[in-house]
Amino acid sequence: MVFASLVVSIGAHTAYFRLLGEYDANLVVPLTLFTPILTIVFGAWLTGDAIGERLVIGGAIALAGVAIIVLRPSATFTRRFLVRPRF
């Protein structure tokens, strides 16, 4: 519980919002696609979890869900609002 409250809530959100402050959102947000993959990798590395078929399938389902949310076209913004002007 301490790890979740300190590292995830404070550390990860602080890093994420600093990235959003420095870079465009359309560059930072696709990084969230790595979350399910990194969860499996760090779980296996830190806690010694066995990577089995069920874990890989669950990670693929989570990755697909995040991809749908991140990559779907927006109904309220057109593409011209998502691209930074070059001049």
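Read on for a plain summary of the structure. What you are looking at is a predicted structure, and each value in this text was computed from that prediction instead of being measured. (Residues numbered from 1 in each chain as written. Predicted model: local features only at pLDDT ≥ 70, side-chain atom pairs only at ≥ 80, totals over all residues. Heavy atoms only, no water.)

### Focus on the packing of aromatic side chains
- Under the criterion given, the structure shown has 2 aromatic pairs.
- Summarising the aromatic geometry, the rings of Y16 and F17 are spaced 6.1 Å apart at their centres and angled 70° between planes, so their arrangement reads as edge-to-face.
- Each ring, one from F42 and one from W45, has its centre 6.1 Å from the other, and the planes form 45°; the classification is tilted. Of this pair, F42 and W45 both sit in helix 3 (residues 35–47), 3 residues apart, roughly one helical turn.
- Of the residues examined, F42 reaches a relative accessible area of 41% and is grouped as partly exposed. (Phe/Tyr/Trp six-rings, centres within 6.5 Å; stacked < 30°, edge-to-face > 60°. Helix = DSSP H or I, 4+ residues; strand = E, 2+ residues; numbered from the N terminus. Buried < 20%, exposed > 50% of the residue type's maximum accessible area, 1.4 Å probe, protein only.)

### Observations regarding the packing of helix 3 against helix 4 (residues 53–71)
- Contact geometry for helix 3 and helix 4: axes closest at 8 Å, N-to-C directions at 155°. Classified by the interaxial angle, the pair formed by helix 3 and helix 4 is roughly antiparallel. Residues P36, I37 and I40 of helix 3 pack against L55, G59, A62, L63 and V66 of helix 4.
- Each residue belonging to the contact of helix 3 with helix 4 can be placed in one class, and the counts come to 7 nonpolar, 1 polar and no charged. (Axes fitted to C-alpha atoms, helices over the stretch in contact; angles between N-to-C directions. Parallel < 35°, antiparallel > 145°, perpendicular 65-115°, else oblique. Contact = heavy atoms within 4.5 Å. Nonpolar A, V, L, I, M, F, W, Y, C, P; charged D, E, K, R; others polar.)

### Details of helix 3
- The end-to-end C-alpha separation of helix 3 is 17 Å, in line with the 18 Å expected for 13 residues at 1.5 Å each.
- Within the span of helix 3, buried status applies to P36, I40 and G43. End-on, the buried residues of helix 3 take up no more than an arc of 65°, which puts them together on one face. Residues of helix 3 that are exposed and point more than 90 degrees away from the buried face comprise W45 and L46.
- In this structure, the buried residues of helix 3 make contact with helix 4. (Expected span 1.5 Å × (residues − 1). Arc of directions from axis to C-beta.)

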